[in-house]
Amino acid sequence: MQTNYQDAVAAILWHLKQQGSSLSKIHSHESCYHMLQLYLESNDIPFSIEAAVDWNEHRKFNLCYDTYISYRNALFRLEHYLLKGEINIPFCRSVDCFYCKSGLSIGFTNLLEEMQTAPTVSLGQFAYERYSVVYREFFKHAIETGITDSSQIAVDHVIGFWEKVVSKQPTLVQRQHQISAVTTLMNYLAERGDVPRCYRMVLRNGNADTITKTMKLPYAGSVIHPSMKLEKMADGYLEALGKWQYKASSKRLYSHDLLWYFMFLEFNHVDHSDETVTVWRDYLPDDSLKERRYRTIVMFTRYLQGNMAEIRVIPRICSSNTLPEWSLSILNRFIENRRHDGMTEKTLAMCRASGYRFFNYLKITGVQSPDAITPETIKEFHVKDEHATPESKNAYSIKVRQLLSFMADEGLISQKLVYAVSSSSAPRRNIVTVLNDEMVAGIYGFRESASSPLELRDIAIVMLGLRMGIRSSDILSLQISDFNWKQKTLSFIQKKTRKAITLPVPNDVGNSVYKYIFHGRPKSGEDGNGFVFIHHLAPYVNLTSNSATRNALQRILAVCGYELPYGQGFHITRKTFATRLLTSHNSIHDIADALGHARKETSEVYLERDEGGMRLCPLPFGGVIGL
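Small disclaimer: the values here were computed from a predicted structure and weren't measured.

Here is what the cut-offs are and how they apply
Here the residue numbering is sequential within each chain, running from 1 through the sequence in written order. Only residues with pLDDT of 70 or above have their local features reported here, since the model is predicted, and side-chain atom pairs are shown and tallied only from 80 upward, although totals for entire chains, interfaces and linings are computed over all residues. Side-chain numbers come from the whole structure's heavy atoms, not from hydrogens or water. What counts as a helix is a DSSP run of H or I of at least four residues, what counts as a strand is a run of E of at least two, and both are numbered from the N terminus. Relative accessibility thresholds used throughout: buried, under 20% of the residue-type maximum; exposed, over 50%; partly exposed, between the two (1.4 Å probe, protein chains only). Throughout, a residue-residue contact means that at least one pair of heavy atoms, one from each residue, lies within 4.5 Å. Two strands qualify as a pair provided that DSSP identifies no fewer than 2 bridges between them. Here a salt bridge means any side-chain nitrogen of Lys or Arg lying within 4 Å of a carboxyl oxygen belonging to Asp or Glu. Exposure above 30% relative accessible area and no salt bridge define the residues that can form patches, which grow by joining like charges within 9 Å and nonpolar side chains of Val, Leu, Ile, Met, Phe, Trp and Tyr within 5 Å. To be clear on the numbers: accessible area is Shrake-Rupley with a 1.4 Å probe, and residue cover counts the displayed protein chains and nothing else. Each aromatic pair joins two rings of Phe, Tyr and Trp (for Trp, the six-membered one) with centres within 6.5 Å, and gets the label stacked for planes under 30 degrees apart, edge-to-face for over 60, and tilted for any other angle. Definition used: whenever NZ (Lys) or CZ (Arg) falls within 6 Å of the ring centre and also within 35 degrees of the ring normal, the charge is taken to sit over that ring. Confidence of the predictor at the level of single residues is captured by pLDDT, which takes values from 0 to 100. Only the contacting stretch of a helix is used when fitting its axis, a line to C-alpha atoms as for every element, and angles between N-to-C directions run 0 to 180 degrees. Should an angle lie under 35 degrees it is considered roughly parallel, over 145 roughly antiparallel, and from 65 to 115 roughly perpendicular; all remaining angles are considered oblique. Three classes are used: nonpolar for Ala, Val, Leu, Ile, Met, Phe, Trp, Tyr, Cys and Pro, charged for Asp, Glu, Lys and Arg, and polar for all others, with Gly counted as polar.

## Focus on the overall build of the protein chain
Okay, step 1: Counting its secondary structure elements, the protein chain contains 27 helices and three strands.
Okay, step 2: With 627 residues in all, the protein chain has 44% of them scored as buried.
Okay, step 3: Considering only intrachain contacts with a sequence separation of at least 6, the fraction spanning at least 24 residues in the protein chain is 62%.

Shown next, in the form of structure tokens:
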């Protein structure tokens, strides 16, 4: 003991000198270790860190506070060196920081240190310190059940912590804080491969109560983490569903069903099998979701058995295919013409729907060729074509006019027939809502202080919208290769208009994106490879939902003490960008080019925001006064 103690002390003092520590710091460490040795020898007490910490605590009120703190730090370095062979550690904040006093195992202690600096946790220092209190409580709860390492954590420990600690919190805010902390912890452990991914969902939305009340079997197995070996297979299953033409929305539902089934396996510690699936079905609540959830797992079982081919996808029946050959042929040519003009699939779907309504009415009324179409027939169709709002009726009417113009260009009908489609309501234009100067200043201030991975991602997204006017869908589709860093330009094809555009990148935008890529963006592997903005939790796929950009803007405004104006989304950044260009005396043509508009008329909606410019062009009152 004596030799080990002396060797450790000598090593620590040598390390401090090598690191260039001050003489006062080195002297305080020497004094601490010498005084401790005298105390142990005079009382015939064998050396241990626990005895050393107790010695310092007993002398606490007989020492000045600075001496007590410096001795505590010296002992903290001594313990750290004996455990890990190095002293490069953070500042010791309390006696609980000592391994011997924390009540934690060395595995959990190391995990806490690891999480403090892990970029994938995406927490600021303040949030980490608040969450770390809950982490310690959870680890102590786990140790009470006999486990000392994170890989031994089972769903029982999470639910047990819910019942013993979380549910006993006096307020909803305190319960939500603990749920968020444990969920973040489970996210991190799942990323490390210590626990299954379904553990992320255990405490969300009251799931713990649902699990304990509806999923408990009268018997329990002994399998540890039975769902972990199924996770990669589940990813392959969902990928296979995509190849079989399942919609993304359906795949999300099936993914949720798999998570619930996996939690059932974890809670009862049983392996997946045909028998387990049958038992699980009996335990599902009798509601509208029961059959779908059961079918999801049956399909998954077939996939595991290599019988995915037995699952047949019912092909979607296109309503327009029921039209007569002559009208279907015209409609298909019209759609191809619009596609050639660069229209998106969403716009093409609306063109097909409006064309189907029109030609189906002609079929019902007995019209069998373009020659038989009359102004009266078109007017009757327009009257009987019902829609929920005048605006939607106008939108469909525009597409019908485009169809009639196409038919006229092909020489099938008269050029004048297009005028038989009237407007149901006058066009309406609202004054554009933009971010005020205080909000914009707040966003710039946030940019200066952003440091965590999530903050860096949020500000990079918002700066692209605010300073370059890029749409949300285009931001999420950006590839790293779209940026030309030497020329300070960004080139991409707009999703909405299919128009290629190259924009200059302002320095503050380029710096924000660059900082995120190199200091905030996780190492994505193949999943999100090439995309600028990706998820910060596995799987690291690219962001696809426009809610990601809206949430980024909301989070930044909330930090600055503002709320997003009612009814507004991320598009408000584009409106703000256009309005600022206008008030800076840029021409409407330049604004249309900067926004990538196909027509300059689209940009004229921003004219109302230039109050100073509008005051310069009032209408004369001469004719009115003359009356």
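## Considerations on the environment of serine 327
Okay, step 1: Positionally, serine 327 belongs in helix α15 (residues 325-340).
Okay, step 2: On the accessibility criterion, serine 327 (0% relative accessible area) is buried.
Okay, step 3: Distance in space between the C-alpha atoms of serine 327 and tyrosine 356 is 8.9 Å, their sequence separation being 29 residues.

## Notes on the sheet that holds strand β3 (residues 500-504)
Okay, step 1: Strand order in this open sheet of three strands is β1-β2-β3, and the pairing throughout is antiparallel. Each end of this open sheet is capped by a strand with a single partner; those strands are β1 (483-484) and β3.
Okay, step 2: Where strand β2 (residues 489-493) and β3 come together, five bridges link them in antiparallel fashion. Within the sheet, the bridge partner assigned to leucine 490 lies in β3 and is leucine 503.

## With respect to the pairing of β3
Okay, step 1: Here β3 shows one buried face, formed by Ile501 and Leu503, and one open face, formed by Ala500, Thr502 and Pro504.
Okay, step 2: Between β2 and β3, which pair antiparallel one after the other, the connecting turn spans six residues, and arginine 498 there sits at a positive phi close to 60°.

## Remarks on the pattern of salt bridges
Okay, step 1: Applying the stated criterion across every chain, the model contains 16 salt bridges.
Okay, step 2: Salt-bridge contacts for arginine 333 lead to glutamate 410; the nearest nitrogen and oxygen are separated by 2.8 Å. Of the two residues, arginine 333 sits in helix α15 while glutamate 410 sits in the loop between α18 (390-409) and α19 (437-449), which places them 77 residues apart along the sequence.
Okay, step 3: By relative accessible area, which is 37% here, glutamate 410 ends up partly exposed.

## Side note on a nonpolar patch on the surface
Okay, step 1: A cluster of nonpolar side chains, Trp485, Tyr514 and Phe518, forms an exposed patch at the surface whose accessible area comes to about 340 Å².
Okay, step 2: With respect to the helices, strands and loops of the structure, tyrosine 514 is situated in helix α22 (residues 507-519).
Okay, step 3: The partly exposed category is assigned to tyrosine 514, whose relative accessible area is 41%.

## Brief notes about the packing of aromatic side chains
Two numbers describe a pair of aromatic rings. These are the distance of the centres and the angle of the planes.
Okay, step 1: With the rule as written, the count across this model stands at 23 aromatic pairs.
Okay, step 2: Ring geometry for tyrosine 131 and tyrosine 135: centres 6.3 Å apart, planes at 70°, overall edge-to-face. Of the two residues, tyrosine 131 and tyrosine 135 both sit in helix α7 (residues 125-144), four residues apart, roughly one turn of that helix.
Okay, step 3: Among the residues examined, tyrosine 131 registers a relative accessible area of 15% and is labelled buried.
Okay, step 4: Ring centres of phenylalanine 358 and phenylalanine 359 lie 5.5 Å apart, and the angle between their planes is 55°; on these two criteria the pair is classed as tilted.
Okay, step 5: Its relative accessible area of 0% is what places phenylalanine 358 among the buried residues.
Okay, step 6: One residue, lysine 216, lies across the ring of phenylalanine 267, its end atom 5.1 Å from the ring centre.
Okay, step 7: Positioned above the aromatic ring of tyrosine 396, the side-chain terminus of arginine 357 is 5.1 Å from the ring centre.

## A closer look at the confidence of the model for the protein chain
Okay, step 1: Summing up the model confidence of the protein chain, the mean pLDDT is 82 and the portion of residues at 70 or higher is 84%.
Okay, step 2: Low confidence marks residues 312-316, where pLDDT is under 50. Its contacts with residues over four positions away, or in another chain, come to four contacts.

## Comments concerning the side chain of histidine 177
Okay, step 1: Following the sequence through the fold, histidine 177 ends up in helix α9 (residues 172-192).
Okay, step 2: When near neighbours in sequence (up to four residues on either side) are disregarded, histidine 177 contacts Arg130, Tyr131 and Val134.

## Comments concerning the packing of α15 against α18
Okay, step 1: Close contact between α15 and α18 brings their axes to 10 Å; oriented N to C, the two are set at 105°. Taken together, the axis directions place α15 and α18 in an arrangement best described as roughly perpendicular. Between α15, through Ile330, Arg333, Phe334, Asn337 and Arg338, and α18, the contact on the second element is made entirely by Lys399, Gln402, Leu403, Phe406 and Met407.
Okay, step 2: Tallied by class, residues from the contact of α15 with α18 come to five nonpolar, two polar and three charged.

## Things to note about the packing of helix α12 (residues 248-268) against helix α14 (residues 290-304)
Okay, step 1: At a closest axis distance of 9 Å, the pairing of α12 and α14 adopts a crossing angle of 85°. In terms of orientation, α12 and α14 fall into the roughly perpendicular class. Touching Leu253, Tyr254, His256, Asp257, Leu258, Trp260, Tyr261 and Phe262 of α12 are Arg292, Arg293, Arg295, Thr296, Ile297 and Phe300, all from α14.
Okay, step 2: When grouped by side-chain class, the residues that make up the contact of α12 with α14 number eight nonpolar, two polar and four charged.

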